[in-house]
Structures are given as structure tokens and as C-alpha cells.
Amino acid sequence: MITPAFDLSQDPDQLILSIRVPYTRTSEFELFIDGTDLRFYAKPYFLRLTLPGRIVEDVRTKTTFDIDKGLFTVLVPKETAGEHFKGLQMLTSLLAPKGSRSAKPVVEELSATDCSEGEGGDAEGEDEEDFDWQVEQEIYPERSEELRALQKYGFANQRSGVFARLQEELCQVIDVMNPDGTSAEERRQARLQAEALAFSANHYLADLFEDDEIKGLLKFRPWWATLRASADQDADAAVVFSDGEREQLRKFTNRSYLLDKTSRHQAWLSLVDILLAYSYEVRSTEGEHNVESPWTIRKLSGTLCWLEMYGSLQEVLVSFGRRVLCYPLYRHFSLVSAAVCDTTKILQSGKACVLKCLLDIHEVFSENNLAYILNDLYITDYCIWIQRVKSRKVTALAAVLQEASLQKNDLQLELDELEHAAMMVVEEEKELGASKSAPVSGVDSSSTSSDSSDLSDESEESEAEGESCTESRGGGGGGGEACKDNPPQPQPTSSISPIPQAPLSRLVSTEETRVDAVGSASEGSRQLIQELGERVAAELRISPDKEDKGET
């Protein structure tokens, strides 16, 4: 038999069931309705649903069949008009478990209708007392080598021995080596050491001071930002599942999870850890997954990357914060805070929103050659389990997460000291730049004025020299040739020269001192000043000769 594609909706008075059954005969179908049990058969399709509320079959029941679309629609009245059926989008939980022809199991799970008249569709066998999310737990120490070979991991720590046959793919999926023989405490210590080695102060400070891209990511609004809180009756209905997501829900095998109190607590904490990593990935890619998405989600989640077993919600936040500042492209504490707010919003929006996020993670991992192992270990079970949990548990966890606080010093990466030292360096550089810029401007102005006067003197002397040559050419035919071909020879320095003479070494030393004083100026400015100094020195060499020639 084939389980057909189906969808459920409702109005105040009736339940609407749409079943896609192509290539069937309209005359060969059967419909059975009894309270919360609904069965449909049209060869080769068979569907059995356990509904969250009671329906009745009477004259108001209507059925239609669209031959072109192969769509069979059933409208069934509710037993209590106006009753709201919760969890109609949790398609996997509505599929009745497969029957067994063997003897009755030793442990029998009672349905919600057998044990209580609680909320429909939330039939998880949980204790009714309020759960203390802040309770600290200690990992039970292994006392023998035999226990070391039975290490647990996976959803609610229900799996073991999985990686024994996956050694080749192990290093590309998780960071812990030999998980089946490594205790939870040893995995944690190895994780902390790896994070300490991976933390880069330069990368962190670069993102801290050059945060234009970070600011853009913080302004991004993910799809869950517009959803209403789960306190509203229609909160789950506000979440719309795509055709692919509904198809995946139908493919999941419906199962029940008999978890003790400790296992349930661990399952909730790991769920928060996975959602935090997912929230960061969605924000960092602005909702567009890429080839790095499987790596990012896996790497930022200690649960997925190190098979971590958390004891409290604070441990989850600290682990996530450390990993955000150690591994991804954008390493900024503001992104950690944003991811916590996003995860809180997801939980406040109800378990339908959580389920949609998990389905998105499942798809991302399914498209990766190796990350599919994490679907088998965690995500698939979470997709099935979250459909059966009580809605009040999700909202209670959201309230606790909203009140949680994470500071930089909680991460134990010495961020405050690092930022303080960086700010001191920045201030010192600013002060040093200001102190050097003041004398540079003075030297430049004086040097420019001095060079300008020297250049004007040189221009005047050149004009006088030109006039002298002109007069010689005007007086006789050979005078111009003598002025042109026989330049004046150096003469002894006149004692009455109007230009004060100084030792050349002293002038050069003065110019070198002047160039050194402008060390903070640009390279072009320093070259210009040096060239001007050389020209002044050269002028001082030839000026006396010109004066002597004028006297003679």
C-alpha cells in the first residue's frame, strides 16, 4: 500500500481533508470515520489518521473528486462545533503507528485519550510537573572500561556504536575522534582545548573595528520575525509548510519516544543548541543557504560537532558563544546575541515554527554527502519528536531563554582585556599622529617659502645672465659664441658677496635634519623637500661665481 499525499485544514464547523490519489477509479474507494479515527482506501492508496479531535459521519459529510488533478476532498463535520483542532500541520504524528502481528510488547504506551483528556495532538508521555530548566546536572562518571565502550550520543543520548563502521567519514562529520570510546567529560575537555587553539585575536579585533558588514547582517529580518507568539490560538497555523516539507513529513516513520526525565532535559538543551547554530547561519547568509551552510550549522553546534551533553541552558549559551567567535567568517559578539534573540522568537512562535526550522536543517544536511549522518543521529528524530511534545513546554523554554544572560567574560576568552588593549593602542596612535602632524606643517611652510625665495633669486639671475648674452650678441658677431661656448670659469670667492657663505657640509646637514623632522609626512612630501634642499645647496655653490663675474 502507498501512503498518499494529504493535507488537513479546518473551519469552525468542519474538518477538510485533501488527498492526492492520481490514477485511481472514483468508484473504488472506501471512507471510514469513527471519532478520532479516519481511514481512506483507494487502491493502491491507504491512509489512516488519528485526529486531535472527534468528528462524525452524517448527512453533512461531503466528498468530491477532481479527475484532472487526482484530488479527493472530504468535508467532515466536527462533533463539537467551534472546537479548534490543534496540531493539524504535524502530519507525521497524525499517521497511526503501524500495527504488529506479534505478541503484545512488554512495555505498552498509552495514548493521550487513554490516560487523560489533555490537549489533542500533544501525546508525549511526559511528566506533568513543571520542568526546572536551570537545574545543574552532573555527568555520571564511568567506572570501568566496559562502560567506556557503551558511550551514548544522538537524540536524547539514545544511540551508540554508530561510528564504529563510519571511520572514513568520521573526521569530516564530527571533530571528536573515537566517540564510541570517549566519555562525555573527555569530549568536553577536548572541545574546550580545540576552541582555545582556534580563537584568533586578530580576526576578532578585525571584525570588531571593521564592522560594516556585521551591521548589515544585524539589520536582516529572518522569516520567523513576522510570526506571532504561540499564546495566540492560531500561532501554528501562521506557519506555512511548503510542498516539499509536507512530503518530507509524510515520509517520516511515526514513532514514540519513551524518555526519562534526564533524557528529555538533554533533548531540550540540545534542541536549543541546534536552533542557535541554525539561526546564526540564516542571518549570516541573509536567508540564502550556500555550500558552506552544512559546515556552519554543524561547526557552531557542540551537539552536532562534539556530541556534547549539556547540563544547563547557560552551558549551551557559553558553548555557542565561544564557537561563534572561533570558527565562522563573521566573529562578532553582537551576532551571538542576535542568534539568541532569534532562537527565542522561534520557540515563542510554537512548535510548528520549530518543526519548519528542523525540516530546513534536514534538507540542508540531506544535500551534503556526509552530513546526512547527523540527520540519522539527531534531526530526523527531532522532527518526529517535536510534533508530539506539549506546546506549553516549548513556550516555557522560550521564557527561560529570554531571561537568560550571556556576557563576554562568560566565554573565558579574555575579550574585555583584549578590547581594552586594542583601544589603548588606537588612542596612542591617534596621539602620536597628532603630535607629529604639528611640526610637519611648520617645516613645510618655512621650507616652501625659503625655496620660493631661492627660486625667484635664481630666476632673476638667469634673466640678468640672458640680458648679458643678448648685449654681447648685439655688439659683435663673436660675442654670442663666446658666451655660449665658453662659460665663465670659477673665480675666487669675493669677500663682499651679498649671499652669506656657509660650509656645504653644514647646509647638507641642515637639510638632512629638516628631512628627518618630517618623518610622519608622506613619501612624496619627503622627496620634494629633499629635492628642494639639494637645489638650494647647488645654488649656494654657483651664486658667488656669478657675483664675481658681474664685478669683472
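Residues numbered from 1 in each chain as written. Predicted model: local features only at pLDDT ≥ 70, side-chain atom pairs only at ≥ 80, totals over all residues. Heavy atoms only, no water.

**Examining the confidence of the model for the protein**
Then, in step 1: Summary statistics for the protein give a mean pLDDT of 75 and a share of 66% for residues scoring 70 or more.
Then, in step 2: Mean pLDDT across the elements of the protein ranges from a minimum in helix α18 (residues 479–485), with 39, to a maximum in helix α12 (residues 313–324), with 97.
Then, in step 3: For the stretch residues 111–123, pLDDT sits under 50, and the model shows 19 contacts to residues farther than four places along the chain or on other chains.
Then, in step 4: In this model, residues 135–148 is a region of pLDDT below 50 whose contacts with residues beyond four sequence positions or in other chains number 19 contacts. (pLDDT = per-residue confidence, 0-100. Helix = DSSP H or I, 4+ residues; strand = E, 2+ residues; numbered from the N terminus. Contact = heavy atoms within 4.5 Å.)

**Topic: α12**
Then, in step 1: Given a rise of 1.5 Å per residue, 12 residues ought to cover 16 Å, and the 17 Å separating the end C-alpha atoms of α12 matches this to within 8%.
Then, in step 2: The element α12 is largely enclosed, with a buried count of 10 among its 12 residues.
Then, in step 3: Inspection of α12 places Leu313, Val316, Leu317, Val318, Ser319, Phe320, Gly321, Arg322, Arg323 and Val324 among the buried residues, and these make up the whole buried set. (Expected span 1.5 Å × (residues − 1). Buried < 20%, exposed > 50% of the residue type's maximum accessible area, 1.4 Å probe, protein only.)

**Quick word on helix α5 (residues 184–198)**
Because each turn of an α-helix spans 3.6 residues, side chains separated by three or four positions end up pointing in the same direction.
Then, in step 1: Along its 15 residues, α5 runs 21 Å from first to last C-alpha, staying within 8% of the 21 Å computed at 1.5 Å per residue.
Then, in step 2: Listing the buried residues of α5 in full gives Ala184, Arg187, Arg188, Arg191 and Glu195. Seen end-on, α5 carries its buried residues on one side only, within an arc spanning 100°. Opposite the buried face of α5, by more than 90 degrees, sit the exposed residues Gln193 and Leu197.
Then, in step 3: Of the surrounding elements, those touching the buried residues of α5 are α11 (302–306) and α12. (Arc of directions from axis to C-beta.)

**Some thoughts on the pairing of strand β3 (residues 30–42)**
Then, in step 1: Of the strand pairs in this sheet, β3 and strand β4 (residues 45–55) are connected by 7 bridges, and their pairing is antiparallel. Paired with Leu38 across the strands is Leu49, a residue of β4.
Then, in step 2: The antiparallel hairpin formed by β3 and β4 contains 2 residues in its connecting segment. (Pairing = 2+ DSSP bridges.)

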